[in-house]
Amino acid sequence: MRKRLCLAAAVCWMVVIFLYSAKSAAVSTQESTAVGTMVGRLFIPGFSGWNVQKQEAFAHFIDYPVRKTAHAAEYAVLGLLFAGSYVDSRKKRIRSIGILWMLGTAYAVSDELHQLFVPGRSCQVTDMMLDSCGVMLGVLAGQLLWARSKKAWRNTE
């Protein structure tokens with residue numbers, strides 16, 4: 001049951017990633033600027049009292065780290081879902097980690113190539129690398145989560 005749910009969730013998450021990648025550069029920039037403003041409101045004392053230009057300057061200043069963090073995080077979620085859909089105690093861990101990482105990385109590459117056809121967007125090798133690292137982190141977290149939940153399940157029997 002877990003494997004089917006995680007597989008369905010992974011496919012849905014891939015659609016979400018695709019839809020975000022299909023947004024034009026202008027829309028994407030507007031959304032990441034909004035996230036930067038939200039970060040300022042949450043973590044910078046007195047941010048709400050700043051003038052609009054200063055708030056926008058802050059949001060633009062952290063735009064790059066916001067975007068790159070989003071890349072790694074969205075693919076870490078995908079890696080976690082992939083791990084939940086595939087990991088089995090009978091399968092060799094190293095092999096399954098490699099398969100899941102390659103699958104997630106292949107999707108990241110295809111997603112970056114897809115952006116070549118979106119107005120104002122581009123295909124970035126650095127984004128592919130960040131996405132690939134995110135997948136690996138998610139897969140490893142999923143492996144640990146599955147191993148722990150399996151061990152906890154055995155201890156309750």
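The paragraphs below set out a description of the structure included in this document.

Here is what the cut-offs are and how they apply
Along each chain, the written sequence defines residue order, and numbers are assigned to residues from 1. Thresholds applied to this predicted model are a pLDDT of at least 70 for local features of residues and 80 or more for the giving and counting of side-chain atom pairs; totals over whole chains, interfaces and linings are not thresholded and use all residues. As a convention, hydrogens and water are excluded, and side-chain values are obtained from all of the structure's heavy atoms. Strands here are runs of E lasting at least two residues and helices are runs of H or I lasting at least four, both read from the DSSP assignment and numbered beginning at the N terminus. Burial classes: relative accessible area under 20% of the type maximum marks a residue as buried, over 50% as exposed, and values in between as partly exposed (1.4 Å probe, protein chains only). Note on definitions: a residue-residue contact is assigned when non-hydrogen atoms from the two residues lie within 4.5 Å. With residues, only the protein chains shown are counted as cover, and all accessible areas are computed by Shrake-Rupley using a 1.4 Å probe. For this count, His and the chain ends are skipped, Lys and Arg are scored as positive, and Asp and Glu as negative. By convention, charge coordinates are those of NZ in Lys, CZ in Arg, CG in Asp, or CD in Glu. In this analysis, rings of Phe, Tyr and Trp, with Trp reduced to its six-membered ring, are considered paired at centre separations within 6.5 Å, and the interplanar angle assigns stacked below 30 degrees, edge-to-face beyond 60, and tilted for intermediate values. Two conditions define a charge located above a ring, namely a distance within 6 Å from the ring centre to NZ of Lys or CZ of Arg, and an angle within 35 degrees of the ring normal. Axis geometry follows a simple rule: fit a line to the C-alpha atoms, using only the stretch in contact for helices, then measure angles between N-to-C directions, giving values from 0 to 180 degrees. Note that the term roughly parallel is reserved for angles under 35 degrees, roughly antiparallel for angles over 145, roughly perpendicular for angles of 65 to 115, and oblique for everything else. By definition, any crossing whose near helix is turned counterclockwise from its far helix by less than a right angle is left-handed, and any crossing with a clockwise turn is right-handed. Note on residue classes: Ala, Val, Leu, Ile, Met, Phe, Trp, Tyr, Cys and Pro are nonpolar, Asp, Glu, Lys and Arg are charged, and everything else, Gly too, is polar. We define a salt bridge as a contact between a side-chain nitrogen of Lys or Arg and a carboxyl oxygen of Asp or Glu at a distance within 4 Å. Think of a polar contact as two N or O atoms within 3.5 Å of one another; within protein, one of them needs to be a possible hydrogen donor and the other a possible acceptor, and neighboring residues in sequence only count if both atoms come from side chains.

1. A look at the overall build of the protein
Link 1 in the chain: Across its full length, the protein holds six helices and zero strands.
Link 2 in the chain: Taken from the N to the C terminus, the helices and strands of the protein come in the order α-α-α-α-α-α.
Link 3 in the chain: If you line up the protein on its principal axes, its C-alpha atoms span 60 × 40 × 25 Å.
Link 4 in the chain: Per-residue burial over the protein gives 34% buried out of 157 residues.
Link 5 in the chain: For the protein, long-range pairs separated by at least 24 residues make up 74% of all intrachain contacts whose partners lie at least 6 apart in sequence.
Link 6 in the chain: Summing over all exposed atoms, the protein offers an accessible surface of approximately 9900 Å²; the carbon and sulfur share of this is 70%.
Link 7 in the chain: Positive and negative charge centroids in the protein, built from 18 and 10 side chains respectively, lie 13 Å apart.

2. Details of the packing of aromatic side chains
Link 1 in the chain: Taken as a whole, this structure holds four aromatic pairs when the rule is applied.
Link 2 in the chain: Between F47 and F58, the ring centres sit 5.6 Å apart and the planes meet at 65°, which makes this aromatic pair edge-to-face. You can see F47 sitting in the loop between α2 (25-43) and α3 (52-61) and its partner F58 sitting in helix α3, a full 11 residues away along the chain.
Link 3 in the chain: Ring geometry for W50 versus F58: centroids 6.1 Å apart, planes at 80°, classification edge-to-face.
Link 4 in the chain: For F58, a relative accessible area of 16% translates into the label buried.
Link 5 in the chain: The aromatic ring of W50 is capped on one face by K54, whose charged end is 4.5 Å from the ring centroid.

3. Describing the packing of helix α1 (residues 2-21) against helix α4 (residues 63-86)
Link 1 in the chain: Running from N to C, α1 and α4 point in directions that differ by 155°, and their axes come no closer than 7 Å. Regarding the angle of α1 to α4, the classification is roughly antiparallel. Handedness of the crossing formed by α1 with α4: left-handed. Packed against α1, whose contacting residues are R2, K3, C6, L7, A9, A10, W13, M14 and I17, the element α4 presents E74, Y75, V77, L78, L81, F82, A83, G84, S85 and Y86 at the interface.
Link 2 in the chain: Class assignment of the residues belonging to the contact of α1 with α4 gives a composition of 14 nonpolar, two polar and three charged.

4. Examining the side chain of R121
Link 1 in the chain: Among the structural elements, R121 can be located in the loop between α5 (93-114) and α6 (125-156).
Link 2 in the chain: Of the side chains bearing the opposite charge, E112 lies closest to the buried R121, which forms no salt bridge; the N-O distance is 6.2 Å.
Link 3 in the chain: Only 2.8 Å separates the side chain of R121 from the backbone oxygen of K23, close enough to count as a polar contact.
Link 4 in the chain: Look past the residues within four positions of R121 in its chain and what remains in contact with it is Y20, S21, K23, S24, A25, S28 and Q115.

Coordinates in, geometry out; function isn't part of it.
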